[in-house]
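# A look at the structure
So you can see what is in the structure, the chains are spelled out below.
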Amino acid sequence: RAILPVFNIAMGIAIYGVWMMDIASRKYRGAFFKWREGENVMWPHLIAEFLTAAALILSGVGTLLKSGWAEVLIVVALGSLFYASLDALSWTLADKKRWPYSVFMLIGLAGSLTFITIIITELVR
């Protein structure tokens, strides 16, 4: 169970890192609220991913510090990671140039599902 907070922190940093690389590459230009990818507006997606990353990092740090609030946030963060990873697979698998991103999405999906299952199993006992 000690690996859970480390996993959360690592995934949160990875989400921020991938987005920062995309933003730094000037892939998105102009005003933030006008960023698009194809016909999709990017700001809601970016905000959701940044909030997911923040929840992952905070819950991981809170768990390492044995803070009570982290127990609740860790479940929210894992659920957010599960959804974000599954949803992003539709984007990564749609274009062969994006397939390398799929590795991160699959790690997030498998890890979040595994830890959610462990937490639920412990709650039921």
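Keep in mind that this is a model prediction, so the values were computed, not measured.

On to a nonpolar patch on the surface, then. On the surface, Phe 33, Val 41, Trp 43, Ile 47 and Leu 51 cluster together to form a nonpolar patch covering roughly 470 Å² of accessible area. Examined against the element boundaries, Trp 43 turns out to sit in helix 2 (residues 43–64).

Once that is clear, we can look at the layout of surface pockets. The space that makes up the largest pocket amounts to roughly 410 Å³. Within the lining of the largest pocket, the residues separate by chemical class into 15 nonpolar, 3 polar and 4 charged.

Moving on, we come to the environment of Thr 114. The topology assignment puts Thr 114 in helix 4 (residues 99–124). Along the chain, Thr 114 and Gly 38 lie 76 residues apart, while their C-alpha atoms are 33 Å from each other.

This part takes up the side chain of Asp 22. Among the secondary structure elements, Asp 22 is positioned in helix 1 (residues 3–24). With relative accessibility at 9%, the residue Asp 22 sits in the buried group. What Asp 22 contacts, discounting residues up to four positions off in sequence, is Lys 27, Tyr 28 and Tyr 101.

Our next topic: unusual backbone geometry. Of note, the phi angle at Lys 66 is positive, near 60°, even though the residue is not glycine. Residue placement: Lys 66 occurs in the loop between helix 2 and helix 3 (69–92). Of the residues examined, Lys 66 reaches a relative accessible area of 75% and is grouped as exposed.

This next bit is on the packing of aromatic side chains. Scanning the entire structure with this criterion turns up 3 aromatic pairs. Between the aromatic rings of Phe 7 and Phe 115, the centroid separation amounts to 5.3 Å while the plane-to-plane angle is 50°, which identifies the pairing as tilted. With Phe 7 in helix 1 and Phe 115 in helix 4, the pair connects residues that are 108 residues apart, well separated along the chain. For the pair formed by Phe 7 and Phe 115, the shared burial category is buried. Plain terms: the ring middles of Trp 91 and Tyr 101 are 5.2 Å apart, the flat faces sit at 65° to each other, and that makes the pair edge-to-face. Separated by 10 residues along the polypeptide, Trp 91 in helix 3 and Tyr 101 in helix 4 bring together distant segments of the chain. On the basis of relative accessible area, Trp 91 is assigned to the partly exposed category, the value being 23%.

Conventions and cut-offs
Residues numbered from 1 in each chain as written. Predicted model: local features only at pLDDT ≥ 70, side-chain atom pairs only at ≥ 80, totals over all residues. Heavy atoms only, no water. Patch = residues over 30% accessible without salt bridge, like charges linked within 9 Å, V, L, I, M, F, W, Y side chains within 5 Å. Areas by Shrake-Rupley, 256 points an atom, 1.4 Å probe, with all protein chains shown as cover. Salt bridge = Lys/Arg side-chain N within 4 Å of Asp/Glu carboxyl O. Helix = DSSP H or I, 4+ residues; strand = E, 2+ residues; numbered from the N terminus. 1 Å grid on protein atoms, 1.4 Å probe; cavity = no way out; pocket = protein on both sides within 12 Å on 5 of 7 lines; lining within 4 Å. Points joined across faces, edges and corners; volume = space filled by probe spheres on them. Nonpolar A, V, L, I, M, F, W, Y, C, P; charged D, E, K, R; others polar. Buried < 20%, exposed > 50% of the residue type's maximum accessible area, 1.4 Å probe, protein only. Contact = heavy atoms within 4.5 Å. Phe/Tyr/Trp six-rings, centres within 6.5 Å; stacked < 30°, edge-to-face > 60°.

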